[in-house]
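Results of the structural survey
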Amino acid sequence: MDYQQAISKLEQYGQSHLLKFFDQLDERQKESLLAQIEETDFSVVKCLEHKDEAGGRGEITPITCMQVDEIQREKERFDALGMEALRNCKVGAVLLAGGMGTRLGSDAPKGVYNIGITKELYIFECLIRNLLEVVDRTGVWVPLFIMTSDKNHERTVSFFKEHQFFGYAPDKVWFFKQEMAPAVDYRGKVYLESKGKISTSPNGNGGWFISLERNGLLSKIHEMGVEWLNIFAVDNVLQKIADPAFVGAVLDSHVEVGAKVVRKSDPEEKVGVMCLEDGKPSIVEYYELTEEMRYEKNHKGEYSYNFGVILNYLFSVKALERIMSHKLSLHVVEKKINCLDEDGNEIRPEEPNGYKFEQLVLDMIHDLDSCLPFEVVREKEFAPIKNATGKDSVETARELLRKNGVEL
Ligand code: UTP
């Protein structure tokens with residue numbers, strides 16, 4: 001793309017300011033900015049226009065969840081079913097590690113964070129250890145796909161290499177990058193990160209399957225005979241991955257997706273809750289539940305909307321392929337975005353200063369026909385690290401790891 005073409009593309013979207021410092025760039029920087037303008041999809045900014053409109057949700061009703069007591073009763077059977085599927089290499093794992101982890105406040109990928117105290121213990125290491133437990137039990141490697149983004153790909157890959165993949169088989173691990181989207185100020189003007197670079201951020205965790213496919217990994221998945229993909233977040237250091245009992249329960253229930261859930265700590269907890277929306281599986285955000293719904297009880301006297309999602313899902317590959325052509329909606333998320341001021345000085349804001357655009361996994365769930373919410377014991381499987389201190393932080397995760405016998 002040449003300068004004139006760039007101008008006309010930008011004018012079309014009201015983003016001409018992105019060439020403001022063009023004359024100050026050297027030839028290489030000019031080329032790279034023009035290339036970035038060519039490949040950026042500025043049309044995403046349009047969804048700001050609908051930002052404040054009601055979500056257009058359908059009728060929300062409770063979904064039945066498989067609870068811990070029932071799972072305990074069936075544990076042996078579920079375990080055996082899951083172990084068989086794992087031994088036959090029917091299950092792959094997908095680590096969602098493309099996020100920016102801005103709340104943790106480190107520029108490095110979240111997984112390289114050292115949460116150890118007397119020794120090194122990295123977030124990635126915890127996750128690999130958890131997965132290795134299953135590999136040890138089944139004697140079969142679970143193919144592991146790791147999603148990164150432009151912002152953290154090189155560091156993530158080099159970190160795994162430096163640490164010999166924490167004992168995982170390197171030839172059973174595939175890295176792939178997710179797509180990026182431009183970030184904007186409150187008026188919808190795309191930010192520059194530096195004079196020759198548009199500010200972009202990963203486009204949310206919902207794009208993982210399309211990105212897998214675009215990176216040529218779906219054919220690999222077919223080649224290996226993988227039929228189920230267990231996606232999981234980078235920040236929950238206690239979660240079980242490719243957990244045989246979960247796999248078995250999902251297979252046994254003949255659903256298109258299984259969702260690990262935890263019992264809410266109280267009706268007011270701010271967590272997305274599994275539900276049905278117009279009869280299809282869905283997730284309702286805490287702020288979308290009315291007070292009446294938060295306290296509603298079922299015939300057993302239990303809260304009707306009582307199980308929060310922890311971003312650990314087991315998807316049927318076949319079902320994902322069926323819904324793949326359906327474009328997921330973009331969510332407008334307020335965030336801190338590195339940018340330039342009027343004079344071209346680089347700014348790292350302390351407070352949110354604009355919006356990013358993200359596709360979310362929860363919208364994939366709603367596209368599917370059936371889901372099994374599968375309860376796990378919170379203290380044993382949910383230790384998210386979102387913040388440096390306070391709620392869902394390094395401190396709270398350390399406490400939970402200790403309680404579960406992990407040496408720090
Ligand atoms: P979060 O919603 O916590 O977002 O991600 P984040 O970007 O990591 O953190 P903050 O909000 O900036 O502090 C939940 C999971 O989804 C992944 C994250 O890596 C994490 O595992 N994710 C999120 C992606 O893989 N890509 C994205 O674009 C966003």
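Throughout what follows, the structure given in this document is the object of discussion. The shown structure was predicted, so the numbers you read here are calculated from the model rather than taken from an experiment. (Residues numbered from 1 in each chain as written. Predicted model: local features only at pLDDT ≥ 70, side-chain atom pairs only at ≥ 80, totals over all residues. Heavy atoms only, no water.)

Let's shift gears to the overall build of the protein. Each helix and strand counted, the protein has 13 helices and 18 strands in total. Expected size for 408 residues packed as a compact globule is a radius of gyration near 22 Å; at 22 Å, the protein falls within 12% of this value. Counted over contacts in the protein with a minimum sequence separation of 6, partners at least 24 positions apart contribute 77%. By element, 46% of the accessible surface of the protein is carried by carbon and sulfur atoms, the whole surface being about 19,200 Å². (Helix = DSSP H or I, 4+ residues; strand = E, 2+ residues; numbered from the N terminus. Rg over C-alpha atoms; globule rule 2.2 N^0.38 Å. Contact = heavy atoms within 4.5 Å. Areas by Shrake-Rupley, 256 points an atom, 1.4 Å probe, with all protein chains shown as cover.)

Another point: the pattern of salt bridges. For the structure shown, the criterion picks out 31 salt bridges. In this structure, D252 and R77 form a salt bridge, with 3.0 Å as the shortest nitrogen-oxygen distance. Of the two residues, D252 is situated in helix α8 (residues 244–253) and R77 in helix α3 (residues 68–87); the sequence distance between them amounts to 175 residues. In this structure D252 comes out as partly exposed when scored by relative accessible area, which is 29%. Classification of R77 as partly exposed rests on a relative accessible area of 38%. Taking the shortest distance from any N to any O, the salt bridge between R322 and E256 comes out at 2.6 Å. (Salt bridge = Lys/Arg side-chain N within 4 Å of Asp/Glu carboxyl O. Buried < 20%, exposed > 50% of the residue type's maximum accessible area, 1.4 Å probe, protein only.)

Time to look at the nonpolar core. Across soluble globular proteins, you tend to see nonpolar side chains buried next to one another. L95, I115, F124, L144, Y168, V237 and F374 are the most contacted members of the largest nonpolar core, which has 59 residues in total. A per-element tally of this core places helix α4 (residues 123–138) first, with nine residues. Leave out the neighbours within four places in its chain, and F374 touches M66, I71, A245, F246, A249, A259, K260 and V261. Counting 39 residues, the second largest nonpolar core, distinct from the first, contains F145, L218, M274 and L362. (Core = buried A, V, L, I, M, F, W, Y, C linked by side-chain atoms within 4.5 Å.)

Quick look at the packing of α3 against α4 now. When two helices pack together, their arrangement is given by the angle between the helix axes and by the axis-to-axis distance. Taken N-terminus to C-terminus, the directions of α3 and α4 make an angle of 90°; their axes are 10 Å apart at the nearest point. The angle between α3 and α4 falls in the class roughly perpendicular. Counted together, D79, M83, L86 and R87 of α3 and V134, R137 and T138 of α4 form the full contact between these two elements. (Axes fitted to C-alpha atoms, helices over the stretch in contact; angles between N-to-C directions. Parallel < 35°, antiparallel > 145°, perpendicular 65-115°, else oblique.)

With that settled, consider the layout of surface pockets. As a volume, the second largest pocket reaches approximately 870 Å³. If you go around the second largest pocket, you meet 34 residues; those closest to its centre are E179, M180, A181, N203 and R214. When residues in the lining of the second largest pocket are grouped by element, the largest group, four residues, is from helix α6 (residues 208–214). Tallied by class, the residues present in the lining of the second largest pocket amount to 12 nonpolar, 13 polar and nine charged. (1 Å grid on protein atoms, 1.4 Å probe; cavity = no way out; pocket = protein on both sides within 12 Å on 5 of 7 lines; lining within 4 Å. Points joined across faces, edges and corners; volume = space filled by probe spheres on them. Nonpolar A, V, L, I, M, F, W, Y, C, P; charged D, E, K, R; others polar.)

Residues spaced three or four apart along an α-helix point in a common direction, a consequence of the helix completing one turn every 3.6 residues. By the burial criterion, the buried members of helix α5 (residues 153–162) are H153, T156, V157, F159 and F160. The buried residues of α5 occupy an angular sector of 160° when projected down its axis, which confines them to one face. Away from its buried face, by an angle of more than 90 degrees, α5 presents the exposed residues E154 and K161. For α5, the secondary structure elements touched by its buried residues are α4, β3 (144–148) and β4 (173–177). (Arc of directions from axis to C-beta.)

Time to look at the site of the ligand. Taken together, 20 residues form the shell around the ligand, and within it L96, T102, Q178, K335 and K386 come nearest. In this structure, an oxygen atom belonging to the ligand sits 2.9 Å away from a main-chain N or O atom of G98. Interatomic distance of 2.8 Å between a backbone N/O atom of G204 and an oxygen atom of the ligand. In the complex, the protein chains occlude 91% of the 560 Å² of accessible area that the ligand would expose alone. Taken together, the residues of the shell around the ligand break down into eight nonpolar, eight polar and four charged. (Near = heavy atom within 4 Å. Polar contact = N/O pair within 3.5 Å; in protein donor to acceptor, adjacent residues only side chain to side chain.)

Here we take up the environment of S304. Inspection of the secondary structure puts S304 in the loop between α9 (291–295) and β13 (307–316). S304 gets classed as buried once you look at its relative accessible area, which sits at 9%. When the C-alpha positions of S304 and E256 are compared, they lie 23 Å apart, and in sequence the two are 48 residues distant. Setting aside residues up to four positions removed in sequence, S304 forms contacts with P62, E296, K297 and N298.

Here the structure, examined in full by the defined rule, presents zero disulfides. Its sulfur unpaired, C47 is 20 Å from the next cysteine sulfur, which belongs to C339. (Disulfide = S-S within 2.5 Å.)

These figures come from the coordinates and say nothing about function on their own.
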